[in-house]
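Residue-level structural notes
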Amino acid sequence: MPGRVFITRLIPEPGPSLVGAAADSLEMFPEDRSLSPDDLRNAVQGRDAVLCLLTDTIDASILEAAKGCKVFANMAVGYNNIDVVTAKRLGIMVTNTPGVLTDCTADLTWSLILGVARRVAEGDREMRAGRFMGWGPLYMLGGDVTGRTLGLIGPGRIATAVARRAVGFEMPLLYHGRRDNPELDRLGAKRVEFDALLRKSDFVSVHTPLSPETRHMISDRALSLMKPTAYLINTARGPVVDEKALVRALQSKQIAGAGLDVYEDEPAMAPGLAECETALILPHLGSATHATRAAMSRIAAENVVAILNGQAPLNPVF
Ligand code: GLV
């Protein structure tokens, strides 16, 4: 049963070794960059399994070229980069890596919450530029975190882990999502309508997957409902936020700031965002720890190996 496997980009161990030990042949694109669409289309031909990344756009043309392939195992929890409708139609399974990146993404969300409110990166820029002239009663004042209300959009695993950490900061919790989340309820969180969450929260943190329904969920209208003292945090997917609308909201001080790890058109940013001092901007680091990336590599590989061995995948997305 085991077959030919392609890994689309250089990834950390143990994934390559696990797949290599199980497959008849393994080829990994040995560079830390994504293949062009044409090169990817050629590379997936004749493979039984492909281990891919969120930087690969797996559209219908790639899936058609991979016809006969059993699985595209995404080394990510989000799988909006894969056309799952076409994959399903062609009988190609899709798997992801949930669970293992929950805590480290929640930790990064907290870096953004604390960092944007207390102007951590701006302060670092002040020091490096030699602008610090000594303590001042009006110098670099920010927003409070302890006791402020945290609103979570998309109440899944990562939002829940963010909420658990918020208990230590004595924050009232709100969440918005399609269904109740019993663990958030146990933490004292209240499920509210979208508009109410925007109006009441001091921090609005986005944790929803990207789908046609969530694209530009944070729009001009949504931003206009937020308090002028509130902060927007996004560690989910860039296109959930209308980035141009966000730049306008930051420029006009409609909101106090934004902590972002993801962008609509990565690696690019909307014009003007880099000049917004009240934006704390990180380069998609949510799952970027040594241990988490190794765990993601292992799980993606285990999905490939299970399918090559004729077993059920561990993390099918449909
Ligand atoms: C990272 O963004 C992931 O979806 O794993």
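Now for a description of the structure that goes with this document. This one's a predicted model, so the numbers in the text were calculated from it and none came from an experiment. (Residues numbered from 1 in each chain as written. Predicted model: local features only at pLDDT ≥ 70, side-chain atom pairs only at ≥ 80, totals over all residues. Heavy atoms only, no water.)

Things to note about the site of the ligand
Within the structure, the ligand sits among Leu 54, Ala 76, Val 77, Gly 78, Leu 101, Arg 237, His 284 and Met 296. A distance of 2.6 Å is found between an oxygen atom of the ligand and a side-chain nitrogen or oxygen belonging to Arg 237. With respect to the ligand, the side chain of His 284 contributes an N or O atom lying 2.8 Å from an oxygen atom. Contact with the protein chains hides 90% of the accessible area of the ligand, taken as 190 Å² for the molecule alone. The class makeup of the residues in the shell around the ligand is 5 nonpolar, 2 polar and 1 charged. (Near = heavy atom within 4 Å. Polar contact = N/O pair within 3.5 Å; in protein donor to acceptor, adjacent residues only side chain to side chain. Areas by Shrake-Rupley, 256 points an atom, 1.4 Å probe, with all protein chains shown as cover. Nonpolar A, V, L, I, M, F, W, Y, C, P; charged D, E, K, R; others polar.)

Re the pairing of strand β1 (residues 4–7)
Of the strand pairs in this sheet, β1 and strand β2 (residues 25–28) are connected by 4 bridges, and their pairing is parallel. Bridged to Phe 6 within β2 is Glu 27. Remark: the β1/helix α1 (residues 15–22)/β2 crossover connection has right-handed handedness. Two strands pair when backbone bridges link them, and β1 and strand β3 (residues 49–52) are joined in this way by 3 bridges, in the parallel orientation. Each bridged residue has a counterpart across the sheet, and for Ile 7 the counterpart in β3 is Leu 51. (Pairing = 2+ DSSP bridges. Helix = DSSP H or I, 4+ residues; strand = E, 2+ residues; numbered from the N terminus. Right-handed = clockwise from strand over helix to strand, strands pointing away.)

A word on the environment of Pro 14
By the secondary structure assignment, Pro 14 is in the loop between β1 and α1. You can call Pro 14 partly exposed: its relative accessible area is 28%. Sequence separation of Pro 14 and Glu 170 is 156 residues, and the distance between their C-alpha atoms is 39 Å. Discounting chain neighbours no more than four positions away, the residues touching Pro 14 are Ala 294, Ser 297 and Arg 298. (Buried < 20%, exposed > 50% of the residue type's maximum accessible area, 1.4 Å probe, protein only. Contact = heavy atoms within 4.5 Å.)

Some thoughts on helix α6 (residues 120–128)
Within the span of α6, buried status applies to Glu 122, Gly 123 and Glu 126. Seen along its axis, α6 keeps its buried residues to an arc of 100 degrees; they face one direction. The exposed residues of α6 that point more than 90 degrees off its buried face are Val 120, Met 127 and Arg 128. (Arc of directions from axis to C-beta.)

Things to note about the layout of surface pockets
In this structure, the second largest pocket spans a volume of roughly 260 Å³. In terms of lining, the second largest pocket is formed by Arg 118, Arg 119, Gly 123, Trp 135, Gly 136, Tyr 139, Met 140, Leu 141, Gly 142, Gly 143 and Asp 144. In the lining of the second largest pocket, the residues fall into 4 nonpolar, 4 polar and 3 charged. (1 Å grid on protein atoms, 1.4 Å probe; cavity = no way out; pocket = protein on both sides within 12 Å on 5 of 7 lines; lining within 4 Å. Points joined across faces, edges and corners; volume = space filled by probe spheres on them.)

A look at the pairing of strand β11 (residues 257–260)
Side chains Gly 257 and Gly 259 project from β11 onto one buried face, and the interleaved Ala 258 and Leu 260 project onto a second face that is buried too. Here strand β10 (residues 231–234) pairs with β11 via 4 bridges, running parallel. In the strand pairing of β11, Tyr 231 is matched with Gly 257. As for the winding sense of the linkage, the β-α-β connection from β10 through helix α11 (residues 243–251) to β11 is right-handed. Pairing between β11 and strand β12 (residues 279–281): 3 bridges, direction parallel. Note on β12: the bridge partner recorded for Gly 259 is Leu 280.

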